[in-house]
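Here is how the chains run, residue by residue.
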Amino acid sequence: MMNGLPLFRSIETAAAITDRVLVSFSGGKDSVVTLDLCMKHFKHVEGFFMYQVRGLSFQEAIIRYYEDKYSIPIHRIPHFELSQWLRYGAFRNYDFSCPIVSVKETYDYIRDNTGIWWIAAGERISDSVWRRAMIKSSGTIDEKRGRFYPIAEWVKENIRAYIRQRKLRVGAESEKLGFSFRSFAPKDLIAIRDHFPADYAKIREWFPLVDVNILQYEMKDRDYGKSE
């Protein structure tokens with residue numbers, strides 16, 4: 001039903017430019033659709049996963065699943081935000097010896113180590129005002145930065161339909177929590193603590209003060225309830 005629609009225009013155009021692509025992979029719905037599309041349209045595909053805490057079980061499970069499914073490597077690399085968290089002490093002691101790593105440096109690193117220039121990412125115009133402006137400015141194929149957005153014009157129902165049609169799997173945190181682990185927001189941390197306690201313990205090894213963030217949130221919530 002989706003075949004032949006303009007939804008595939010971006011990836012078909014990108015496939016005419018190159019036959020080698022890196023896919024930015026998170027394990028969430030948008031990234032698994034992007035990866036599957038790239039496997040259908042490109043001769044050589046590799047993925048990369050940017051971690052905030054390396055080796056979380058729910059993330060490793062979905063990475064290994066797609067490595068096995070498609071027989072491709074998905075490279076684990078530190079997320080560029082991690083350098084700021086370590087340097088400036090996000091829920092841990094600061095470490096000013098840790099250099100700040102930019103988005104460009106992160107992409108340059110994975111390109112240098114794979115020999116692949118083009119990067120496919122799962123951003124969609126409907127995600128946010130910021131993403132709409134970004135993609136409208138660059139276009140769905142950004143030749144200057146070597147990036148393209150195969151599902152830029154898709155909406156959530158297109159994503160759900162494609163996942164059903166292709167019988168794709170999404171990461172456990174997307175299924176159970178509704179998101180891919182991305183921040184130290186209290187609600188995110190609480191959900192991981194409750195559903196994946198061993199992984200929460202691993203997060204706490206790197207960021208020992210995350211409990212404080214949860215405690216402050218829970219105290220504020222209790223205080224708000226008393227004032228009503």
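Coordinates for the structure precede this section.
Presented here is a report on the structure given in the accompanying data block. Just so you know, these numbers come straight off a predicted model, no measurement behind them. (Residues numbered from 1 in each chain as written. Predicted model: local features only at pLDDT ≥ 70, side-chain atom pairs only at ≥ 80, totals over all residues. Heavy atoms only, no water.)

Take the overall build of the protein chain next. On a plain count of helices and strands, the protein chain comes out with 11 helices and six strands. Compactness check: the protein chain gives a C-alpha radius of gyration of 19 Å against a globular reference of 17 Å for 228 residues, within 12% of the reference. Along the first, second and third principal axes, the C-alpha set of the protein chain runs to 60 × 45 × 35 Å. Counting across all 228 residues of the protein chain, residues that qualify as buried make up 47%. Accessible area of the protein chain: about 12,400 Å², with a carbon and sulfur share of 52%. Separation of charge centres in the protein chain, based on 35 positive and 30 negative side chains, amounts to 3 Å. (Helix = DSSP H or I, 4+ residues; strand = E, 2+ residues; numbered from the N terminus. Rg over C-alpha atoms; globule rule 2.2 N^0.38 Å. Buried < 20%, exposed > 50% of the residue type's maximum accessible area, 1.4 Å probe, protein only. Areas by Shrake-Rupley, 256 points an atom, 1.4 Å probe, with all protein chains shown as cover. Lys, Arg positive; Asp, Glu negative; His and termini not counted. Charge placed at Lys NZ, Arg CZ, Asp CG, Glu CD.)

Attention shifts here to a nonpolar patch on the surface. A cluster of nonpolar residues, Tyr88, Tyr94, Phe96 and Ile100, forms a patch on the protein surface that exposes about 470 Å² of accessible area. Here Ile100 is to be found in the loop between α4 (80-88) and α5 (103-114). Using a relative accessible area of 38% as the deciding quantity, one classes Ile100 as partly exposed. (Patch = residues over 30% accessible without salt bridge, like charges linked within 9 Å, V, L, I, M, F, W, Y side chains within 5 Å. Salt bridge = Lys/Arg side-chain N within 4 Å of Asp/Glu carboxyl O.)

Attention now goes to the packing of aromatic side chains. Within this structure, the stated rule accounts for 15 aromatic pairs. Where Trp85 meets Phe207, the ring centres are 6.0 Å apart and the plane angle is 80°; that geometry is what we call edge-to-face. Placement of Trp85 in helix α4 and of Phe207 in the loop between α10 (197-206) and α11 (210-227) is noted, with a sequence separation of 122 residues between them. On the basis of relative accessible area, Trp85 is assigned to the buried category, the value being 14%. (Phe/Tyr/Trp six-rings, centres within 6.5 Å; stacked < 30°, edge-to-face > 60°.)

On to the packing of helix α9 (residues 186-195) against α10. Relative orientation and spacing of two packed helices are given, respectively, by the angle between their axes and the distance between those axes. Where α9 meets α10, the axes come as close as 5 Å, and the angle between the chain directions of the two elements is 130°. The orientation of α9 relative to α10 falls into the category oblique. Between α9 and α10, the contacting residues are Leu189, Ile192, Arg193, Asp194 and His195 on the first element and Pro197, Tyr200 and Ile203 on the second. Its residues assigned to classes, the contact of α9 with α10 comprises five nonpolar, one polar and two charged. (Axes fitted to C-alpha atoms, helices over the stretch in contact; angles between N-to-C directions. Parallel < 35°, antiparallel > 145°, perpendicular 65-115°, else oblique. Contact = heavy atoms within 4.5 Å. Nonpolar A, V, L, I, M, F, W, Y, C, P; charged D, E, K, R; others polar.)

When a protein is soluble and globular, its nonpolar side chains tend to lie buried together. The biggest cluster of nonpolar side chains holds 55 residues, and the ones touching the most others in it are Phe25, Val33, Cys38, Tyr66, Phe148 and Trp154. Beyond its immediate chain neighbours, meaning those up to four positions away, Val33 contacts Ile151, Trp154, Ile159, Tyr162, Ile163 and Leu168. Membership of the second largest hydrophobic core comes to nine residues, among which are Leu22, Met50, Ile77 and Phe80. (Core = buried A, V, L, I, M, F, W, Y, C linked by side-chain atoms within 4.5 Å.)

Turning to the environment of Phe179, a few remarks are in order. The topology assignment puts Phe179 in the loop between α8 (172-176) and α9. According to the relative accessible area criterion, Phe179 is buried, its value standing at 13%. Sequence separation of Phe179 and Lys29 is 150 residues, and the distance between their C-alpha atoms is 9.1 Å. Not counting chain neighbours up to four residues away, the residues in contact with Phe179 comprise Glu173, Ser174, Asp188 and Ala191.

What follows concerns unusual backbone geometry. Phi is positive for Ser71, which is not a glycine, with a value near 55°. In this fold, Ser71 is placed in the loop between α3 (57-70) and β3 (74-78). The phi angle at Lys167 is positive, at roughly 55°, despite the residue not being glycine. With respect to the helices and strands, the residue Lys167 is situated in the loop between α7 (156-166) and α8. Accessibility expressed as a relative area gives 68% for Lys167, which makes it exposed.

It is worth spelling out the pattern of salt bridges at this point. This structure, assessed with the given rule, holds 14 salt bridges. Of the charged contacts, one joins Asp108 and Lys104 as a salt bridge, the two residues approaching to 2.8 Å between their closest N and O atoms. Taken together, the residues span about one helical turn, with Asp108 and Lys104 both in helix α5 at a distance of four residues. Lys104 gets classed as exposed once you look at its relative accessible area, which sits at 58%. Glu157 is paired through a salt bridge with Arg164; the nearest N and O atoms lie 3.1 Å apart. In this structure, a network of salt bridges that share partners links the residues Glu60, Arg64, Glu67 and Arg76.

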